[in-house]
Structures are given as C-alpha cells and as structure tokens.
Amino acid sequence: MKNILAILAIAISGASLFVNGYLFSQISNLKQTIDSLKENSAEVKQDVAKLETSLTKTNQELVTQATILENTAQQSRISTTAESASSSANVNQVQDNNQEVASRKIEPGEFVSTGYENQVEFELLSAKRITNPKTNQKDVVNVRLRVRRIVPKVNNALIAFSQAKGRDPETSEDYRTITNKTTTYTSANNLPENAWANAYFWLKVPENVEIIDIAIPKTAMFKEVPIAND
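Student: Any chance you could explain the overall build of the protein chain here in plain terms?
Tutor: The helix and strand tally for the protein chain stands at one helix and eleven strands. Along its sequence from the N terminus, the protein chain presents helices and strands in the succession α-β-β-β-β-β-β-β-β-β-β-β. Within the protein chain, residue pairs in contact and separated by at least 24 positions form 64% of the contacts whose partners lie at least 6 positions apart. As displayed, the protein chain offers around 15,900 Å² of accessible surface, 53% of which is attributable to carbon and sulfur atoms.

Printed below as a string of structure tokens:
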C-alpha cells in the first residue's frame, strides 16, 4: 500500500512538473507575443504620425496651389472683363461717331476740291440714300454736286461723271456708279468761267454703309462724306 501511494505521489509530482513547465512555456510565449505587439504598436504609431504629418503638408501645399490658381483665374477674369468693356466701349464709340456723322447734312462749302490740274472746281452738295427702283431696296446713294471752270480755258478736260466711285473708308471696298444714272460727259470748256453747273451720279452702296469716300477722275478725293437718309 505504501508503495502504491509513493508511486502515485511520484506520478502526480511528475505531472505537476510537466504542467508547470508547459504553462511556463505558454506564459513565456505569450509574453514575447505581447512584447512584439507593443513594439509593432509603437512602430505603427510612428508610421501613423509620419503619415499624418505628410498628409498635413500635402494638404497645405494643395491649399496654397489652389489659392494661387484662384487668384490667377480671378485676375484673368478681371483683365478679360476690362478688355471686353474697353473693346465694347471703343466699338460703341466708333458706331456713335459714325451715326453722328451720318445723321448730319453736308454743309455748304464743306466738301470742295479742284481737279484736272487745278482748272476745274467741284463742290459736293449732298449724298442722299434713296430707294433702288429696280430692287426696292435702299442700296443707292444719289450724289449731287456742282462744277465750274476756274481758268479762262481748259486743256483737254472732258469730265466723266460715270467714272466716279465711292469707297468704304474702313474696308476700302469700291462702289461704282449705276449705268445711265449720271450726268453725261461734260467738257469743262463748255462751262461758263466762274459759274456753277449742276451734276449728279448714283452709286450702288450697301444699306449698312453710312460714310463713304468719293472719288472723281483727276480730282482729289472727298474724305468721309456722310450719307443722309431719304
């Protein structure tokens, strides 16, 4: 009986030692795991801190760049608006000036020019827009003028009113006379000296044109003649 108890005691003691050894091993492993997790946690915190710092810096840079772009865009909008306003003002000013010129009539003695080697004098009396009898459109300008001989005798001065023409001061487009709608060829020698003779010619001029230059052969050009409406 004593021997059995002794064997049991030895077995229990051995089992206890084994259990204690196993538990010690598990506890040791668990402690190493916990220490490893603590180290990893510290590294993770450092990485998170670095990431937060990097994100903060990047965000600040983006905000700065966005502010610069917004300021640049705003300055561009202001500049564009100013240029547009200036351009619109210039266009309006030109249109107002053209309308103001076109709304007035030709004053006596305003458009006078000599031609044919200073032997003949021309004076514009009016440039009036009229309705084209063929098209019923107001694309015709009736130019009335008078002419006189200012020397005792003129050398080879045959005035061809049909060769007169108008010109757009802005586009330099030419406007020709309408056939059979001009004073016929006139010899300056048939004009009485220092006495006026009336003449006319029709020009085909688009309706939107309000000012024209008028050219008569061998005569200085009449600049910026206003077209009055009928």
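Having seen the model, we can carry on.
Student: When you look at the packing of aromatic side chains in this model, what are you seeing that I'm missing?
Tutor: Geometrically, a pair of aromatic rings is defined through the distance of the ring centres and the angle of the planes. In the structure shown here, the tally under the stated rule is one aromatic pair. Measuring from ring centre to ring centre gives 6.4 Å for Y116 and F122, while their planes differ by 40°; the resulting arrangement is tilted. Each member of the pair, Y116 together with F122, is buried. The side chain of R146 reaches across the aromatic face of W196, ending 4.2 Å from its centre.

Student: How do you make sense of the side chain of T219 when you look at a structure like this?
Tutor: Considering the arrangement of structural elements, one finds T219 in the loop between strand 9 (211–215) and strand 10 (222–226). The contact partners of T219, leaving out residues within four places of it in the chain, are S113, T114, G115, Y116 and F122.

Student: In this structure, what is going on with the pattern of salt bridges? I would like to understand it.
Tutor: This structure, assessed with the given rule, holds five salt bridges. With a closest N to O distance of 3.7 Å, D174 and K165 form a salt bridge. Under the relative-accessibility criterion, D174 is labelled partly exposed at 36%.

Student: Looking at this structure, I do not really get the pairing of strand 1 (residues 112–115). What am I missing?
Tutor: Working note: regular strand, side chains alternate between the two faces of the sheet. Residues S113 and G115 point to one face of strand 1 and are all buried, whereas V112 and T114, pointing to the other face, are not buried. Examined bridge by bridge, strand 1 and strand 2 (residues 120–130) share four bridges and lie antiparallel to one another. Along strand 2, the bridge assignment pairs G115 with V120. Between strand 1 and strand 2, which follow one another and run antiparallel, lie four residues, and Y116 among them has a positive phi close to 50°.

Calculation rules
Residues numbered from 1 in each chain as written. Predicted model: local features only at pLDDT ≥ 70, side-chain atom pairs only at ≥ 80, totals over all residues. Heavy atoms only, no water. Helix = DSSP H or I, 4+ residues; strand = E, 2+ residues; numbered from the N terminus. Contact = heavy atoms within 4.5 Å. Areas by Shrake-Rupley, 256 points an atom, 1.4 Å probe, with all protein chains shown as cover. Phe/Tyr/Trp six-rings, centres within 6.5 Å; stacked < 30°, edge-to-face > 60°. Buried < 20%, exposed > 50% of the residue type's maximum accessible area, 1.4 Å probe, protein only. Lys NZ or Arg CZ within 6 Å of the ring centre and 35° of its normal. Salt bridge = Lys/Arg side-chain N within 4 Å of Asp/Glu carboxyl O. Pairing = 2+ DSSP bridges.

By themselves, these are just geometric observations and shouldn't be taken as functional.
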